[in-house]
Amino acid sequence: ATATNDNQAVILKLGCETDFVAKNPDFVSAAEKLAQDFLSNGKDFDATDIVNEIGLKIGEKVDLVEIKFLENGTFGNYVHSNKKVGAIIALDGSTPELARDIAMHVTAMNPLVISPDEVPEEAVKKEREIWTEQLKNEGKPEEILDKIMIGKEKKFREENALIKQAFVKDSEKTIEQSLEGAHVKGFVRLGN
């Protein structure tokens, strides 16, 4: 569930034991109300009693699995129709409509970071090992391996960076081009 106001956005994952309960309208509305409660009361809000009450009402163990906040910006939020994945985003210099569209993109495309230079070196190192093995198996000449590796790394970084991904609503543009001068301050995606 997600919620936003003028100052912050919240996304939370409320867990239960069965799909039957997860799809129950009472459970879904309880998760949405809980997101609003956190938005109203802040990060330090103790939701233990509310979560336990939801579990008693539903008749199943319920847990607040994860909760994340973003502050300051133009917020967008999106939860996919299956209620299993969603995102919040904070933009600087944009509209709520575009922020929502980009939150939908984050939900669909699952970027790791905002820009290519933020991709963790550990992830790049792991991919390099795979590429090295692939190139050895393909019998590529030693003198072109460095150029191939540079190209593969650039592509990997861009595929995992939000601003370089092709926008799901307009694949002719990247997210960066769709922002029209606005900037992504942060995003959070929860779910699978």
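Below: a short report on this structure. Along every chain, residues carry numbers that run from 1 in the direction the sequence is written. The predicted origin of the model limits local features to residues at a pLDDT of at least 70 and limits the giving and counting of side-chain atom pairs to 80 or more, whereas totals for whole chains, interfaces and linings rest on all residues. As a rule here, side-chain values cover all heavy atoms of the structure and leave hydrogens and water aside.

### Comments concerning the pattern of salt bridges
Threshold: Salt bridges are counted wherever a side-chain nitrogen of Lys or Arg sits within 4 Å of a carboxyl oxygen of Asp or Glu. The secondary structure listing takes helices from DSSP runs of H or I that are at least 4 residues long and strands from runs of E that are at least 2 residues long, numbered from the N terminus. Accessibility here uses a 1.4 Å probe with only protein chains present; expressed as a share of the type maximum, an area under 20% marks a residue as buried, one over 50% as exposed, and anything in between as partly exposed.
This model, assessed by the stated rule, comprises 13 salt bridges. For glutamate 71, the salt bridge goes to lysine 43, with nearest N and O atoms at 3.5 Å. With glutamate 71 in strand E3 (residues 63–71) and lysine 43 in the loop between helix H2 (25–41) and helix H3 (48–58), the pair connects residues that are 28 residues apart, well separated along the chain. Taking the relative accessible area as the measure of exposure, glutamate 71 reaches 44% and is therefore partly exposed. Between glutamate 66 and lysine 68 there is a salt bridge, and its shortest N-O distance comes to 4.0 Å. Look at glutamate 66 and you get partly exposed, because its relative accessible area is 31%. What makes lysine 68 partly exposed here is its relative accessible area of 36%.

### Description of the side chain of aspartate 101
Counted only if it meets this: Polar contact criterion, stated in full: a pair of N or O atoms within 3.5 Å, where within protein one must be able to donate a hydrogen and the other to accept it, and residues adjacent in sequence count only if both atoms are side-chain atoms. Residues are treated as being in contact if the distance between any of their heavy atoms lies within 4.5 Å.
By the secondary structure assignment, aspartate 101 is in helix H4 (residues 96–109). Polar side-chain contacts of aspartate 101 include one of 3.3 Å to the side chain of lysine 169. Once you skip the residues sitting within four places of it in the chain, aspartate 101 turns out to touch Phe167 and Lys169.

### Some remarks on the sheet that holds E3
Rules: Strand pairing requires that DSSP identify at least two bridges connecting the strands. A fitted line through C-alpha atoms serves as each axis, taken over the contacting stretch for helices, and the angle formed by two N-to-C directions is quoted from 0 to 180°.
Spatially, the 3 strands line up as an open sheet ordered E1-E2-E3, and their pairing is antiparallel. Each edge of the sheet is formed by a strand with only one pairing partner; in this case those strands are strand E1 (2–4) and E3. The average angle at which neighbouring strand axes cross in this sheet is 15°, direction not considered. Both E1 and strand E2 (residues 8–15) contribute to a ladder of 3 bridges, which runs antiparallel. The residue of E2 that forms the bridge with threonine 4 is alanine 9. The strands touched by H2 within the sheet are E1, E2 and E3, with E2 carrying the most contacts at an inclination of about 140°.

### Here's the deal with the sheet that holds strand E5 (residues 85–92)
By way of backbone hydrogen bonds, the strands of a sheet pair with one another, either parallel or antiparallel. Overall, antiparallel pairing links the 3 strands, which are arranged E4-E5-E8 in an open sheet. The open sheet has two free edges, formed respectively by strand E4 (74–79) and strand E8 (183–191), since each of these has just one partner strand. Taken pair by pair, the neighbouring strands of this sheet meet at an average axis angle of 10°, ignoring direction. Across 8 bridges, E5 lies against E8 in antiparallel orientation. If you follow aspartate 92 over to E8, its bridge partner there is histidine 183. Across the sheet, H4 lies against E4, E5 and E8, angled at about 40° from E4, the strand it touches most.

### Thoughts on the packing of helix H5 (residues 121–138) against helix H6 (residues 142–159)
Condition: Here the angle decides the label: under 35 degrees means roughly parallel, over 145 means roughly antiparallel, 65 to 115 means roughly perpendicular, and every other value means oblique. For any helix crossing, the convention is left-handed if the near helix is rotated counterclockwise from the far helix by under a right angle, and right-handed if that rotation is clockwise. Here the nonpolar group is Ala, Val, Leu, Ile, Met, Phe, Trp, Tyr, Cys and Pro; Asp, Glu, Lys and Arg are the charged ones; every other residue, Gly included, is treated as polar.
It is at 10 Å that the axes of H5 and H6 come closest, and there the two elements cross at 135°. What the angle tells us is that H5 and H6 run oblique. Judged by the twist between their axes, the crossing of H5 over H6 is right-handed. Contacts between H5 and H6 involve Glu121, Ala123, Val124, Glu127, Arg128, Trp131, Thr132, Gln134 and Leu135 from the former and Leu145, Ile148, Met149, Lys152, Glu153, Phe156 and Arg157 from the latter. Per-class residue counts for the contact of H5 with H6 are 8 nonpolar, 2 polar and 6 charged.

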